Amino acid sequence: MDGHAPPSPDSTPRAAPAWRRQLPFALLLAFAALYALATAVSAWRSFTSVPIWDMWGALEFYTDVRGGAGWQAWWRLFNEHRLVLAKALFWMEYTWFGGQQVFLIVVNYLLAGCGAAVLSAFLRARLADGPRRTWIAGTVLLALWLFSWVQRENLTWAFQSQFFLAQLLPLAGFYCLYRATRPPAAQGWFVAACALGVLSIGTMVNGVMALPMMVLYALVARLGWKRTAVLALLAALCIAAYTAGYVSPGGHGGGVMATLREHPGGMVVYTLLYLGSPFQHLTRHLGPSWMIVGQAFGALFVLLALAALPRALRAPQAHRMDLALLSFVAYVGGIAFATSGGRLQFGLESALSSRYTTPTLMAWAALAVLYAPRLTALRGGARAAAFGVLVLLLTLMLVVQTRDVERNDHAHMRLTGALALQMGVHDTRRIGMLIWSEALGAELARRATAAGAGVFGRPALAEATHALGERAAALPPRCHAFVDQVEHLPGEPRFVRVQGGLLPEPDRTPFAAVRLVGADGTVVGYGLPDRWRKRTPPYHAPGPSGRYLMFTAYLQVPAPAPLPAAVTLQAAGTPCAATLVLTPPVPAP
């Protein structure tokens, strides 16, 4: 017998109380709920049913198809992309859902969620031997990351479904190829991978790389010559189909090879900045002096991918999941490099475009899944440090996620920009919020109005095309209205912009439009309501305080005569009319 006394019960380590073990998971779920609320509010505040920028392409496609353009409209290039799948969604939006953009915005979020689901499936297989709660927590973190507001444009613009599809389909394809190496239903998984690879060419030009990358995966992971040959044949056929009749868009430089010869260093810096852009956005500083942050994280991205490669290549059949994830990471890296070839001429700032962060968010998530076993195995100080980094990252993400929760006037300004297009008013600032060419916008608005498509098919905006000069029925004054400001528009002598409020007594019935009627009974101005505000009328139009429905209207200037002192405001669809005293015009801000 040795001389040591047996350990007492009090000296043995005790397990942490159950509540302490469960607290981090509960805090994560509470944070996720707050994050989801911030996302929902930001989405609501950012929504507009008016086409902005590339969204006009969806409207043009729909009116072309409605006019009998045929299959050519579906395969036609949009810049360098063949947006076949996105066009199917555009057609559904305008045909089934009235073109109000709600369906397309919802689809953007659904596609982001699908990306999280695919990565969650990878994660479940990656952590097969770990506790279920770890996988659930990892899935929540993946979802938080993939719904980040750093990709604001892709979440809030109705045209952007292809930015999700061009990453989601190849990612799902690599997952299917990985599953095709494991029974049961291995053949079904391979067929699904082939289908996803083919569909990828109908997302963006990036999708052309999906099948060649699948061929590379099949070779390295040793999927067999038959499967490799099938993928190679599909890749050749799809590339041939995509490039048939392809015309490189102007203004995008000389292409990757030309840019690589002339600016190799610039392409490397651009690529690194592109790959690190999500973290650059989290700093909320996108200027040149902060670009070192994005470049540093881009370099970290490359190092993490390269560090995992040798082990996977030494035993590829045992690391087919690693190779599937690395293939997707390389796919996104290829996108970044190819983008630098066409966009470097626009400056490094273009690498930080919000819409470019979706591919990199998904690639960083794939790297996180790849390293998940190592991260969950951390103990002691390393685990505490990783937890601290995670808390900091989530804090920065929440700050960015709340950037659009405040109420703003952007939706109304865009709607009045659409009104200006309908009325032929050269309001360059508000039309400039919608489209790069006023003439093109007016033409597409005309076509949309004729087709009854989208916001231009609404009665209030459709009527704006012919309201001026019509006779208006005389209505007795029974409401109160005031003008906040009358604004001159730069380069537009025919109209002024009138902003004010209306108290629609006695029943406070909301209205869809306002008409401004001259002394001779003809309509000389037309406008749209904004939102309710609690107001006290200004001194020049005394009246009761209350909740006024604000409006913006365009009023014709009766050249060569000056503006009248007052006009009559009529709220369309209601018996409400009021004398509107005009203030002296001031320059528009």
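Residues numbered from 1 in each chain as written. Predicted model: local features only at pLDDT ≥ 70, side-chain atom pairs only at ≥ 80, totals over all residues. Heavy atoms only, no water.

## A short note on the overall build of the chain
For the chain, the helix and strand inventory stands at 23 helices and eight strands. The burial tally for the chain puts 50% of its 589 residues in the buried class. The long-range share in the chain, meaning contacts at least 24 apart out of those at least 6 apart in sequence, stands at 73%. Only carbon and sulfur atoms are counted for the fraction: they give 65% of the accessible area of the chain, which is about 26,800 Å². When the 47 basic and 27 acidic side-chain charges of the chain are each reduced to a single mean position, those positions are 12 Å apart. (Helix = DSSP H or I, 4+ residues; strand = E, 2+ residues; numbered from the N terminus. Buried < 20%, exposed > 50% of the residue type's maximum accessible area, 1.4 Å probe, protein only. Contact = heavy atoms within 4.5 Å. Areas by Shrake-Rupley, 256 points an atom, 1.4 Å probe, with all protein chains shown as cover. Lys, Arg positive; Asp, Glu negative; His and termini not counted. Charge placed at Lys NZ, Arg CZ, Asp CG, Glu CD.)

## Considering the packing of helix H5 (residues 102–126) against helix H16 (residues 320–343)
Across the interface, H5 lies against H16 with an axial gap of 11 Å and an inter-helix angle of 150°. Judged by the angle between their axes, H5 and H16 are roughly antiparallel. The handedness of the crossing between H5 and H16 comes out as left-handed. Each of Phe122, Ala125 and Arg126 in H5 lies in contact with H16, whose residues at this interface are Met321, Asp322, Ala324 and Leu325. Taken together, the residues of the contact of H5 with H16 break down into five nonpolar, no polar and two charged. (Axes fitted to C-alpha atoms, helices over the stretch in contact; angles between N-to-C directions. Parallel < 35°, antiparallel > 145°, perpendicular 65-115°, else oblique. Left-handed = near helix turned anticlockwise from the far one by under 90°. Nonpolar A, V, L, I, M, F, W, Y, C, P; charged D, E, K, R; others polar.)

## A look at unusual backbone geometry
The phi angle at asparagine 79 is positive, at roughly 55°, despite the residue not being glycine. Its place among the elements puts asparagine 79 in the loop between helix H3 (71–75) and helix H4 (84–96). At arginine 222, a residue that is not glycine, the phi angle is positive and equals roughly 60°. With respect to the helices and strands, the residue arginine 222 is situated in the loop between helix H10 (210–220) and helix H11 (225–243). Assessed through its relative accessible area of 51%, arginine 222 is described here as exposed.

## Here's the deal with the pattern of salt bridges
By the definition in use, this model includes 13 salt bridges. Residues arginine 446 and glutamate 443 are paired through a salt bridge, measuring 2.7 Å at the closest nitrogen-oxygen approach. Here arginine 446 and its partner glutamate 443 are both found in helix H22 (residues 438–451), three residues apart, which amounts to about one turn of the helix. When the shortest N-O distance is used, the salt bridge between arginine 494 and glutamate 492 registers 2.8 Å. Here the residues in one salt-bridge network are Asp64, Arg76 and Arg447, joined through shared partners. (Salt bridge = Lys/Arg side-chain N within 4 Å of Asp/Glu carboxyl O.)

## Describing the packing of aromatic side chains
As enumerated under the stated definition, the model contains 24 aromatic pairs in all. Pairing phenylalanine 90 with phenylalanine 159 gives two aromatic rings, centres 5.0 Å apart and planes at 20°, and the pair type is stacked. Placement of the pair is phenylalanine 90 in helix H4 and phenylalanine 159 in the loop between helix H7 (152–156) and helix H8 (161–179), with a sequence separation of 69 residues. Using a relative accessible area of 2% as the deciding quantity, one classes phenylalanine 159 as buried. With a centroid separation of 6.3 Å and an interplanar angle of 15°, the aromatic rings of tyrosine 109 and phenylalanine 147 are classed as stacked. With a gap of 38 residues between them, tyrosine 109 in helix H5 and phenylalanine 147 in the loop between helix H6 (132–146) and H7 connect regions that are remote in the sequence. The buried category is assigned to phenylalanine 147, whose relative accessible area is 18%. (Phe/Tyr/Trp six-rings, centres within 6.5 Å; stacked < 30°, edge-to-face > 60°.)

## Observations concerning the nonpolar core
Ranked by internal contacts, the top residues of the largest apolar core, which has 151 residues, are Phe122, Leu144, Trp145, Tyr217 and Leu231. The leading source of residues in this core is H8, at 13 residues. (Core = buried A, V, L, I, M, F, W, Y, C linked by side-chain atoms within 4.5 Å.)

## Remarks on a nonpolar patch on the surface
Residues Val102, Val106 and Leu110 make up a contiguous nonpolar surface patch of roughly 260 Å² in combined accessible area. Mapped onto the secondary structure, leucine 110 falls in helix H5. (Patch = residues over 30% accessible without salt bridge, like charges linked within 9 Å, V, L, I, M, F, W, Y side chains within 5 Å.)

## Side note on the side chain of lysine 87
On the secondary structure map, lysine 87 appears in helix H4. It turns out lysine 87 is buried and unbridged, and the closest side chain with the opposite charge, aspartate 64, is 7.9 Å from it.

## Let's talk about the environment of tyrosine 94
If you trace the backbone, tyrosine 94 turns up in helix H4. Given a relative accessible area of 7%, tyrosine 94 falls into the buried group. Taking C-alpha positions, tyrosine 94 is 6.5 Å from alanine 453, a pair spaced 359 residues apart along the chain. Those residues in contact with tyrosine 94 that lie beyond four places of it in its chain are Ala58, Leu59, Tyr62, Gly99, Gln101, Ala453 and Gly454.

## Details of the sheet that holds strand E8 (residues 586–587)
The sheet built from eight strands is open, its strands ordered E7-E6-E3-E4-E5-E2-E1-E8 with mixed pairing. Only two strands of the sheet have a single neighbouring strand rather than two, namely strand E7 (577–581) and E8. Pairing between strand E3 (residues 514–517) and strand E6 (residues 566–571): four bridges, direction antiparallel. Its bridge partner being in E6, arginine 515 is matched across the sheet by glutamine 570. (Pairing = 2+ DSSP bridges.)

## Some words on the state of the cysteines
When the sulfur atoms of two cysteines share a covalent bond, that bond is a disulfide. Overall, the coordinates contain one disulfide when judged by the stated rule. A sulfur-sulfur distance of 1.8 Å marks the disulfide that ties cysteine 479 to cysteine 576. Taken together, the residues span a long stretch of sequence, with cysteine 479 in the loop between helix H23 (459–463) and strand E1 (480–489) and cysteine 576 in the loop between E6 and E7 at a distance of 97 residues. A single burial state applies to cysteine 479 and to cysteine 576, both of which are buried. Sulfur of cysteine 114: no disulfide; nearest cysteine sulfur belongs to cysteine 176 and is 13 Å away. (Disulfide = S-S within 2.5 Å.)

## Quick notes on the side chain of serine 354
Examined against the element boundaries, serine 354 turns out to sit in the loop between H16 and helix H17 (357–370). Take serine 354: its relative accessible area is 10%, and that puts it in the buried class. Polar contacts involving the side chain of serine 354 include one to the main-chain amide nitrogen of arginine 152, which spans 2.9 Å. (Polar contact = N/O pair within 3.5 Å; in protein donor to acceptor, adjacent residues only side chain to side chain.)

## Considering the packing of H8 against H17
Contact geometry of H8 with H17 gives a least axis separation of 8 Å together with a crossing angle of 30°. The orientation of H8 relative to H17 falls into the category roughly parallel. In terms of crossing hand, the pair formed by H8 and H17 is right-handed. Contacts between H8 and H17 pair Phe163, Phe164, Gln167, Leu168 and Leu171 from the former with Thr358, Pro359 and Met362 from the latter. Considering only residue class, the contact of H8 with H17 consists of six nonpolar, two polar and no charged.

## Quick look at the pairing of E1
When you tally the buried positions in E1, you get seven out of 10 residues, the bulk of the element. Bridge count for E1 against strand E2 (residues 492–503) is nine bridges, and the pairing is antiparallel. Its bridge partner being in E2, valine 483 is matched across the sheet by glycine 500. Hairpin geometry of E1 and E2 is characterised by an intervening segment of two residues between the two adjacent antiparallel strands and by a positive phi of about 75° at glycine 491. Across two bridges, the pairing between E1 and E8 is parallel. Paired with glutamate 487 across the strands is valine 586, a residue of E8.

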